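# Examination of the molecular architecture
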Protein chains: 2
Amino acid sequence: MASDHTRSAILAAAERLYADRGFGDVTLRDIVAEANVNLAAVNYHFGSKDELIAELFVTRSIATNRERLRELKAAEEAGGGRAPIEVILRALVGPTLRGCLGPENQRSTAARFMIRASIESVPPIRRIKNREIDHLRKFAGAMRRSLPDRSDVDIYWGLNFALAMAHHTIRESERLTKLSEGQCDLDDVEDVVARVVSVATMALTMAKAETKAPSRLAAR
Amino acid sequence: MASDHTRSAILAAAERLYADRGFGDVTLRDIVAEANVNLAAVNYHFGSKDELIAELFVTRSIATNRERLRELKAAEEAGGGRAPIEVILRALVGPTLRGCLGPENQRSTAARFMIRASIESVPPIRRIKNREIDHLRKFAGAMRRSLPDRSDVDIYWGLNFALAMAHHTIRESERLTKLSEGQCDLDDVEDVVARVVSVATMALTMAKAETKAPSRLAAR
DNA sequence: TTGCAATTCAAACACTTGTATGAAACTATC
DNA sequence: GATAGTTTCATACAAGTGTTTGAATTGCAA
């Protein structure tokens, strides 16, 4: 089998470095140094830097999507085709939050890599990313089944806001800690998950009577 | 005064390009081409590329912060020291959303540049960014005055979520449009503002009884 | 006009990037 | 153990980056 030691060493090193420092300032030379392999190995095994990134993203994307869907599926079957909205939202944002926040040694390289990918949107990833929309559509479907009275538009907005809160909290966790002078405990991941899920649930279940009322109350 | 035509042409071109394409793939040569000036002009007038970016960011940061605070101040004075939470939130997220969404010709280069800066977090900007925390603290103060019964932690989380929804919606507007197949109308900016403000208000005013309840309902 | 400082310009520099090359080392099959 | 195919390696390459240089040009004061 030729022991693809080099190949997987490159993949692991690349994922770790990208997760830690972003795509912007990680060079092939950084990666091969971290992986203890020769510079040319990347092009030999993957063809190009972009193809390395693409493979990394595709692999992780499939894995985490399958993981999330499994959780969702289980919840829906347990509820006879309908899962409570909180459970759906928890399946959507829980894994990512748990993988990116909390005690350092419990964080998942994969989750952090995926967050980077969703943030920086480098060309090779942007080309593939449509896949994620189909994935989100499945969640939207489950949400619709869970809340048959809400309009599609409201469902999509709720989904959007849930992802917004989760991703932004991950991205800006340092700023929130600093702003709150440590009062917001981002190491208590389950509390963070609960907060995000709670607000997203409210967004999806509360009446929106006064939503459109004072259009420009504060417009100067 | 020597007619700083070149200087301001560079600033304008850089801001426009950065706003459109991000810091990642805009080179000095792109900027000077857009500004119709010589390549060396950037280093002559600003010292370095990083100092150009820093000046751009500082200028815009001061301006938009002053703008937002003016709106906030006015609202608080009109309410005798306390402004309704909706108005505060609207002052926080309204200008940015209006500047980045809506009809193309109404979008603001400044707002789009600031969003890029808050997303990509390039080194010269990261060094200055502490300033923004002080700015957010002022909003947190107003929110605390508006909702004296809420804990500081809840205030900070509400602030965090409001910014999360606004920024994420801007960043991922294209995806939301695609996901909802056009049903979510991101050109109707006032509707977007209303939705963000509405959810953030709920997050800040609703009781949080069940928040901490089912910690790992869906954990496999 | 003359002189001097500020500005512009074309060109080159030093450096980093991803990629390509061809020889060397290794591995497995006969 | 010789041989063919795979993998590794040091090195070079071409392109792009921000920056520097020193001469040309401009604008303004004496």
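Because the structure is predicted, anything quoted here is derived from the model rather than measured. (Residues numbered from 1 in each chain as written. Chains lettered and ligands numbered in written order. Predicted model: local features only at pLDDT ≥ 70, side-chain atom pairs only at ≥ 80, totals over all residues. Heavy atoms only, no water.)

Let's shift gears to the overall build of chain A. Across its full length, chain A holds 11 helices and zero strands. Starting at the N terminus and ending at the C terminus, chain A contains elements arranged as α-α-α-α-α-α-α-α-α-α-α. Its C-alpha atoms give chain A principal-axis dimensions of roughly 60 × 45 × 35 Å. For chain A, buried positions account for 54% of its 220 residues. In chain A, of all internal contacts separated by at least 6 residues, the share reaching a separation of at least 24 is 69%. For chain A, the accessible surface area stands at approximately 10200 Å², while carbon and sulfur atoms represent 50% of it. If the 33 positive side-chain charges of chain A are averaged to one point and the 30 negative ones to another, these points end up 5 Å apart. (Helix = DSSP H or I, 4+ residues; strand = E, 2+ residues; numbered from the N terminus. Buried < 20%, exposed > 50% of the residue type's maximum accessible area, 1.4 Å probe, protein only. Contact = heavy atoms within 4.5 Å. Areas by Shrake-Rupley, 256 points an atom, 1.4 Å probe, with all protein chains shown as cover. Lys, Arg positive; Asp, Glu negative; His and termini not counted. Charge placed at Lys NZ, Arg CZ, Asp CG, Glu CD.)

Further remarks concern the protein's contact with DNA strand C. DNA strand C sits among 15 residues. The nearest are Thr27(A), Lys49(A), Thr6(B), Tyr44(B) and His45(B). The contact atoms of DNA strand C, taken as those within 4 Å of the protein, divide so that sugar and phosphate hold 55%. At a separation of 3.0 Å, a phosphate oxygen of DNA strand C approaches a polar backbone atom of Leu28(A). Here a phosphate oxygen of DNA strand C sits 2.9 Å away from a polar atom, N or O, in the side chain of Tyr44(B). Considering every element that reaches the surface near DNA strand C, the biggest residue donor is helix H3 (residues 40-46) of chain B, with three residues. Along the lines of polarity and charge, the residues of the surface near DNA strand C split into six nonpolar, six polar and three charged. (Near = heavy atom within 4 Å. Polar contact = N/O pair within 3.5 Å; in protein donor to acceptor, adjacent residues only side chain to side chain. Nonpolar A, V, L, I, M, F, W, Y, C, P; charged D, E, K, R; others polar.)

Around DNA strand D sit 15 residues, and of these Thr6(A), Tyr44(A), His45(A), Thr27(B) and Lys49(B) come closest. Looking at DNA strand D alone, sugar and phosphate atoms form 53% of those within 4 Å of the protein. One of the backbone nitrogen or oxygen atoms of Asn38(A) is found 3.4 Å away from a phosphate oxygen of DNA strand D. Within the side chain of Lys49(B), a nitrogen or oxygen atom sits 2.7 Å from a phosphate oxygen of DNA strand D.

Its rotation angle being 180 degrees, the transformation that places chain B on chain A also includes 0.0 Å of axial translation and leaves an RMSD of 0.0 Å. On the angle and the small slide along the axis, the relation comes out as a two-fold axis. Among all residues of chain B, the minimum C-alpha distance to the rotation axis is found for Ala164(B), at 2.7 Å. (Least-squares fit on C-alpha atoms with pLDDT ≥ 70 in both.)

Moving on, we get to unusual backbone geometry. All names here are of chain A. In this structure, Glu-181 takes a positive phi of about 50 degrees despite not being glycine. The residue Glu-181 is located in the loop between helix H10 (173-179) and helix H11 (189-205) in this model. Among the residues examined, Glu-181 registers a relative accessible area of 60% and is labelled exposed.

Moving on to the UniProt feature "domain: HTH tetR-type" (unreviewed entry) in chain A. The UniProt record annotates "domain: HTH tetR-type" (unreviewed entry) at residues 4-64 of chain A. The annotated region residues 4-64 of chain A carries 79% helix and 0% strand content, and the separation between its end C-alpha atoms amounts to 23 Å. (UniProt positions renumbered as here; feature names shortened; annotations may be inferred.)

Attention shifts here to the packing of helix H4 (residues 49-78) of chain B against helix H6 (residues 109-120) of chain B. All names here are of chain B. With their axes 10 Å apart at the nearest point, H4 and H6 run at an angle of 115 degrees to one another. Classed by the angle they form, the pair H4 and H6 counts as roughly perpendicular. In the packing of H4 onto H6, the handedness of the crossing is left-handed. Only Ala-110, Phe-113, Met-114 and Ala-117 of H6 make contact with H4, whose side of the interface consists of Leu-56, Phe-57, Arg-60, Ser-61 and Thr-64. Considered class by class, the residues forming the contact of H4 with H6 number six nonpolar, two polar and one charged. (Axes fitted to C-alpha atoms, helices over the stretch in contact; angles between N-to-C directions. Parallel < 35°, antiparallel > 145°, perpendicular 65-115°, else oblique. Left-handed = near helix turned anticlockwise from the far one by under 90°.)

This part is about the pattern of salt bridges. Inspection of every chain in the model, using the stated rule, returns 34 salt bridges over all chains. One salt bridge in this structure joins Arg150(A) and Asp154(A), with 3.4 Å as the shortest N-O distance. Its relative accessible area of 14% is what places Asp154(A) among the buried residues. Sharing partners across several salt bridges, the network here consists of Glu132(A), Arg171(B), Glu172(B) and Arg175(B). (Salt bridge = Lys/Arg side-chain N within 4 Å of Asp/Glu carboxyl O.)

This paragraph deals with the nonpolar core. The biggest cluster of nonpolar side chains holds 97 residues, and the ones touching the most others in it are Leu97(A) and Leu97(B). Apart from residues no more than four positions distant in its own chain, Leu97(A) is found in contact with Ala166(A), Ile170(A), Val189(A), Val192(A), Val193(A) and Val196(A). (Core = buried A, V, L, I, M, F, W, Y, C linked by side-chain atoms within 4.5 Å.)

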